[in-house]
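Analysis of the macromolecular model
Below are the chains, spelled out letter by letter.
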Amino acid sequence: MAKLSALLCVHNEEQRLPAALAALSFCDEIVVVADRCSDGTEAIARHYGATVVSGIFPIEGPRKHAGIARCTGDWILELDADEGVDPAFAQEVRETIERADAADWYQVPIDNYVGDQLVRHGWGGSFGTSSAARLFRRGVKSWKAERVHPGAKLDGAYGGRLNTPLNHMVDEDIADMFARLGRYTALKAQDLADSGKIKGVGDDAFRGVRRFFKCYVSRKGYKEGDLGFLISLMAGLYPILSNLRAREILRARAQAARGGRPVTAPAPLPLRRAEANGQ
């Protein structure tokens, strides 16, 4: 039988973690990367028999790679603490990896919830996704060194998309959605400032409008009512705010340099939950 490892990267998730780990009994092992945790996360993970990797991982790629390095399974199922699985999902995953003709990696559909409302349409533009490459053979997936939404490289044969979705509590409410936009754009701004790849205001505006249209019209966000409009708006604001905040960082660095003071980058904040994988 193929050995299946579950990988979770978390930061202070003592409230969500017990339910997430309890649902993973169909996996042969669980590896939890505890990034700068100051609550009971690590103790809970060990209580459920998980292998715990504890450390400081401000960049998502190294965080994921540290977890994969401790996985011993033939296959890896990548999850977040705010995602739940049901028996149908567990059965489909096991059947998929046991097939003689199994490919090397699979897309997993994701049902996203804002509060108690299921929102299936409109996700995209680096603000959410309705599917992601979460099931893969060990050694197939790797990530770039970026703070948020790092690009992922997948080697080997693509096996298509599973039928059963993960359940993802993406935001508790609208205020949580705005807070997430703030975290994402702060981290993206640091990436942009470090790389120097900052766009002009006109380009920002064009990309923002294009992303809004894609999420609201092409991806049918209009079907979700108020939340669909808001999600599309957030996707459109993401590149604009990220670049504005990057320019702010560069101005602060230049001012510090002119004053002869050392430039101190803002402390990289961990995402409250790992979103992932190139979304």
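That block above? That's the structure.
What comes next concerns the included structure. What you are looking at is a predicted structure, and each value in this text was computed from that prediction instead of being measured.

1. What about the side chain of Gln 107?
In this structure, Gln 107 sits in strand E6 (residues 105-114). A distance of 3.2 Å separates the side chain of Gln 107 from the side chain of Ser 131, its partner in a polar contact. At a separation of 3.1 Å, a polar atom in the side chain of Gln 107 contacts the main-chain amide nitrogen of Ala 132. Apart from the residues within four sequence positions on either side, Gln 107 is in contact with Ser 131, Ala 132, Ala 133, Tyr 158, Gly 160, Arg 161 and Leu 162.

2. Brief notes about the pattern of salt bridges
Counted under the stated rule, the structure contains 21 salt bridges. The closest approach of N and O atoms between Asp 203 and Arg 207, which form a salt bridge, is 3.3 Å. With Asp 203 and Arg 207 both in helix H6 (residues 201-218) and 4 residues apart, the pair spans about one turn of that helix.

3. Considering unusual backbone geometry
The backbone of Asn 12 shows a phi angle near 50 degrees, a positive value even though the residue is not glycine. With respect to the helices, strands and loops of the structure, Asn 12 is situated in the loop between strand E1 (4-10) and helix H1 (17-22). The exposure class assigned to Asn 12 is partly exposed, which follows from its relative accessible area of 29%. The phi angle at Arg 36 is positive, at roughly 55 degrees, despite the residue not being glycine.

4. Brief notes about the nonpolar core
In this structure, Leu 4, Leu 8, Leu 24, Phe 26, Phe 89 and Leu 135 are the most contacted members of the largest nonpolar core, which totals 37 residues. Among the elements of the structure, E1, H1, strand E2 (29-35), helix H2 (41-47), strand E4 (75-79), helix H4 (87-98), E6 and strand E8 (131-137) are those that each provide at least two residues to this core. With near-sequence residues (within four places) excluded, Leu 24 lies in contact with Ala 6, Leu 8, Ile 30, Leu 79 and Val 85. Membership of the second largest hydrophobic core comes to 17 residues, among which are Val 114, Leu 181, Leu 187 and Ile 231.

5. Points about the layout of surface pockets
By volume, the largest pocket is sized at about 410 Å³. Forming the walls of the largest pocket are 19 residues, and the residues nearest its centre are Glu 146, Lys 188, Asp 191, Leu 192 and Ser 195. Where the lining of the largest pocket is concerned, the elements lending two or more residues are helix H5 (174-195), H6 and helix H7 (225-258). Looking at the lining of the largest pocket residue by residue, the class counts come to 5 nonpolar, 6 polar and 8 charged. Roughly 200 Å³ of volume is contained in the second largest pocket. Every residue along the wall of the second largest pocket is listed here: Trp 123, Gly 124, Gly 125, Ser 126, Gly 128, Thr 129, Ser 130, Ser 131, Arg 210, Arg 211, Lys 214 and Arg 219.

6. So, the environment of Val 108
Within the secondary structure layout, Val 108 lies in strand E6. Take Val 108: its relative accessible area is 0%, and that puts it in the buried class. Linking Val 108 and Ala 252, residues 144 residues apart in sequence, is a C-alpha distance of 41 Å. Beyond its immediate stretch of four places on either side in the chain, Val 108 contacts Phe 89, Ser 130, Ser 131, Ala 132, Arg 134, Leu 135, Leu 162 and Leu 166.

Cut-offs applied
- Residues numbered from 1 in each chain as written.
- Predicted model: local features only at pLDDT ≥ 70, side-chain atom pairs only at ≥ 80, totals over all residues.
- Heavy atoms only, no water.
- Helix = DSSP H or I, 4+ residues; strand = E, 2+ residues; numbered from the N terminus.
- Polar contact = N/O pair within 3.5 Å; in protein donor to acceptor, adjacent residues only side chain to side chain.
- Contact = heavy atoms within 4.5 Å.
- Salt bridge = Lys/Arg side-chain N within 4 Å of Asp/Glu carboxyl O.
- Buried < 20%, exposed > 50% of the residue type's maximum accessible area, 1.4 Å probe, protein only.
- Core = buried A, V, L, I, M, F, W, Y, C linked by side-chain atoms within 4.5 Å.
- 1 Å grid on protein atoms, 1.4 Å probe; cavity = no way out; pocket = protein on both sides within 12 Å on 5 of 7 lines; lining within 4 Å.
- Points joined across faces, edges and corners; volume = space filled by probe spheres on them.
- Nonpolar A, V, L, I, M, F, W, Y, C, P; charged D, E, K, R; others polar.

This is a description of form; function is not addressed.
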